[in-house]
Amino acid sequence: MAFIKEFGSWLPERVVTSQEAGSWVGADSTWVVNVSGIEERRFAVEEDTVADLAARAGRDCLERAGVAPGDLGMVMVASGSAERSFPGPACVAAQKMGAAGVPAVDLPMASAGSLFGLSMAARLTAQIGPILVIGAEKMSRIVAREPQERGVAVLFGDGAGACLITAEKGRAEIVDSVLGTDGSYSEDLTLENGMPIKMNGRSVILQASRKIPAAIRSLLDRYKIQPPDVLAFLMHQANQNLIDKVANTLGVPSAKFFSNIRKYGNTSSASMLIAACEWSQDNDFEPGLPVVFAAFGAGFNWGALLVRGV
Amino acid sequence: MDRRSKLIEILKTVTKQETLPEPGDSLFDSGLLDSFALPDLVSALEQEFSIQIPDTDLNPRKFDSIERIEEYLDSRN
């Protein structure tokens, strides 16, 4: 068995409004909000690295959980915005947290990396001990690259989220997950070294709006759970319109899908764990009630993960 | 109702617009379809024509005009 012990997060102080972000690409803030639901995002300072952000979120999670860094069995860091090909941010983040010596694994997967990390950690934790899964992104460095595309530059923000998975009883039991990967449309969302993000938004939205609900339905069907019976959906915060569309497809009110994209924008692989951390500060996992995590990202990679409160 | 007429009705319903571009014109470039209306169009096509469109066929270009949608539907027959 595997449990969610605790969440953590870290967000930069600097708030970048949609008015400011829109000005980079000749768009007004009303347009930005209409196409994305994003009113603000946070940008880290120049000197901060993905590893810095990851370490801060990881430390926050461990402090909340009361677990020492040296007691971890593994650290996983998901990021699509790492500054270099190798070494990835995991080893530096672990060292900065005081977990040098603990195996640290990079998941270079934009947007869906944290979900894949949770799923893998759930399968490993009984054998290797507590696993700290972190999603960390510094997208501000990337969206600044020229040429800035109107439909891309305004979407992203910086931040990091974390989740501690243990074999010992925690806040929620991880029941099962569905993961998928299909490289057929891999060129529709790419980030080449030193280049701006290339995104075929139509393809991304079309695939995401089909694959996310299908993954959630497939997972819930295994346990004869109807979507309206889910306590909350904690989904990758890509775009408010996508979140609403997934909710509509599943026949549940959008209010069941926790959303903080208005404040932080799309923080890629960090967003789902930042959202989960924020949700869990104001809400409890209720005993026996299902909560569903879901994500979709470049690759394409996608999936859903089911937990139940304990 | 023939297939073209059904298609036009679907597009009007999905986009909530009464005026459609010429059959060969881009539904995206004309401003009729956007990224978030496209999934609704695909779902409506599946329902109306009793087909299951696999994810591997979900290339937006296949649904970029009335004529292209008809070509796609032809390929499924």
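Residues numbered from 1 in each chain as written. Chains lettered and ligands numbered in written order. Predicted model: local features only at pLDDT ≥ 70, side-chain atom pairs only at ≥ 80, totals over all residues.

Observations concerning the overall build of chain A
Keep this limit in mind: Comment: elements are numbered from the N terminus, with helices defined as DSSP H or I runs of at least four residues and strands as E runs of at least two. It is over C-alpha atoms that the radius of gyration is taken, and the globule rule equals 2.2 Å times the number of residues to the power 0.38. The exposure scheme places C-beta atoms from the backbone and then counts, for each residue, the other C-beta atoms within 10 Å of its own, assigning buried at 20 or more, exposed at 12 or fewer, and partly exposed in between. The contact rule is simple: place each C-beta atom from the backbone, and if two of them lie within 7 Å, those residues are in contact.
Across its full length, chain A carries eleven helices and 13 strands. Expected size for 310 residues packed as a compact globule is a radius of gyration near 19 Å; at 18 Å, chain A falls within 12% of this value. Viewed in the frame of its principal axes, chain A has a C-alpha envelope of about 50 × 45 × 35 Å. Looking at chain A as a whole, 57% of its 310 residues are labelled buried. Long-range contacts, defined as pairs at least 24 residues apart, comprise 80% of the intrachain contacts of chain A with a sequence gap of at least 6.

Digging into the overall build of chain B
If you tally the helices and strands in chain B, you get three helices and zero strands. Counting helices and strands in the order they occur from the N terminus, chain B gives α-α-α. Radius of gyration (C-alpha) of chain B: 11 Å, near the 11 Å computed for a compact globule of 77 residues. Based on the C-alpha atoms only, the size of chain B along its principal axes is roughly 30 × 25 × 20 Å. Counting across all 77 residues of chain B, residues that qualify as buried make up 21%. Long-range pairs, those at least 24 residues apart, make up 53% of the contacts in chain B between residues at least 6 apart in sequence.

Here's the deal with the nonpolar core
Residue and element names in this part refer to chain A. This is how the line gets drawn: As used throughout, a nonpolar core is a set of buried Ala, Val, Leu, Ile, Met, Phe, Trp, Tyr and Cys residues joined through C-beta atoms within 7 Å of each other. An automatic or database domain assignment provides the domain bounds reported here.
Grouped together as the largest cluster of nonpolar side chains are 122 residues, with contacts concentrated most on Ala-54, Val-75, Met-76, Val-77, Ala-93, Ile-134 and Cys-163. Inspection of this core shows a minimum of three residues originating in each of domain 1 (3-166) and domain 2 (172-309). Sequence-distant contacts of Ile-134, defined by excluding residues within four places in its chain, comprise Ala-54, Ala-57, Gly-58, Met-76, Val-77, Ala-78, Ala-93, Ala-160 and Ala-162.

Some remarks on the environment of Asn-248 of chain A
Its location among the elements puts Asn-248 of chain A in helix α9 (residues 240-250). With 35 residues separating them in the primary sequence, Asn-248 of chain A and Pro-213 of chain A have C-alpha atoms 9.5 Å apart.

Quick look at the sheet that holds strand β6 (residues 131-137) of chain A
Residues and elements named next belong to chain A. Defined as follows: A pair of strands is labelled paired if DSSP reports no fewer than 2 bridges between them. For helices, the axis comes from a line fit to the C-alpha atoms of the stretch in contact; other axes are also lines fit to C-alpha atoms, and the angle between any two N-to-C directions lies between 0 and 180 degrees.
If you walk across this open sheet you meet the nine strands as β5-β4-β6-β7-β1-β8-β13-β12-β11, and the pairing is mixed. Whereas interior strands pair on both sides, the edge strands pair on one side only; in this sheet they are β5 (104-107) and β11 (232-235). Between one strand and the next, the sheet's axes are offset by a mean angle of 25°, whatever the strand orientation. Relative to β5, strand β4 (residues 74-78) runs parallel, the two being bridged by four bridges. Directly across from Met-76, in β5, lies its bridge partner Val-105. Contacts from helix α5 (residues 113-128) reach β4, β5, β6, β7 (159-166), β8 (172-181), β12 (290-297) and β13 (301-309) within the one sheet, and its direction differs from that of β6 by about 165°.

Points about the interface of chain B and chain A
Applicable threshold: Three classes are used: nonpolar for Ala, Val, Leu, Ile, Met, Phe, Trp, Tyr, Cys and Pro, charged for Asp, Glu, Lys and Arg, and polar for all others, with Gly counted as polar.
Contact with chain B, which involves eight residues of that partner, is made by twelve residues of chain A. Residues of the side of chain B that touches chain A, tallied by class, amount to five nonpolar, two polar and one charged.

Digging into the pairing of β12 of chain A
All names here are of chain A. A large share of β12 lies buried, amounting to eight of its eight residues. Neither face of β12 is left uncovered, since the one carrying Pro-290, Val-292, Ala-294 and Phe-296 and the one carrying Val-291, Phe-293, Ala-295 and Gly-297 both have all their residues buried. Pairing of β11 with β12, which is carried by four bridges, proceeds in the parallel orientation. Each residue of the ladder has a partner; that of Phe-233, found in β12, is Val-292. As judged from the eight bridges shared by β12 and β13, these two strands associate in the antiparallel manner.

Thoughts on the domain arrangement of chain A
Where the parts come together, the accessible area they lose is often given as the size of the interface. Residues and elements named next belong to chain A. Here chain A is described as being made up of domain 1 (3-166) and domain 2 (172-309). In this structure, domain 1 and domain 2 have C-alpha centres spaced 16 Å apart. On the side of domain 2, 43 residues touch domain 1, which itself brings 48 residues to the contact. Of all elements in the fold, only β1 (3-10), β3 (40-43), α5, β6, α7 (150-153) and β7 reach the threshold of two or more residues within the side of domain 1 that touches domain 2. Within the side of domain 1 that touches domain 2, the residues separate by chemical class into 23 nonpolar, 17 polar and eight charged.

What about the confidence of the model for chain B?
All names here are of chain B. Here is the rule we go by: pLDDT: the predictor's confidence for each residue, scored from 0 to 100.
Here chain B averages 92 in pLDDT, and 100% of its residues register 70 or above. The weakest mean pLDDT in chain B belongs to helix α1 (residues 3-15) at 93; the strongest belongs to helix α3 (residues 66-75) at 95. This prediction of the complex comes with two scores: 0.96 for pTM and 0.91 for ipTM.

Details of the environment of Pro-228 of chain A
Residues and elements named next belong to chain A. Along the chain, Pro-228 falls in the loop between α8 (201-222) and β11. Spatially, the C-alpha atom of Pro-228 lies 33 Å from that of Asp-188, the residues being 40 residues apart in sequence. Excluding residues within four positions of it along the chain, Pro-228 makes contact with Gly-251 and Val-252.

Description of unusual backbone geometry
For residues other than glycine, phi is negative in most cases, and the peptide bonds are mostly trans. A cis amide bond links Phe-86 of chain A to the next residue, Pro-87 of chain A, at an omega of -10°. Mapped onto the fold, Pro-87 of chain A is located in the loop between β4 and α4 (89-97). Residues Gly-299 of chain A and Phe-300 of chain A are joined by a peptide bond in cis, for which omega reads -5°. Relative to the assigned elements, Phe-300 of chain A resides in the loop between β12 and β13. The phi dihedral of Lys-224 of chain A is positive, around 55°, even though this residue is not glycine. Lys-224 of chain A sits in the exposed class, given 7 other C-beta atoms within 10 Å. In this model, Lys-16 of chain B sits at a positive phi of 55°, which is unusual for a non-glycine residue.

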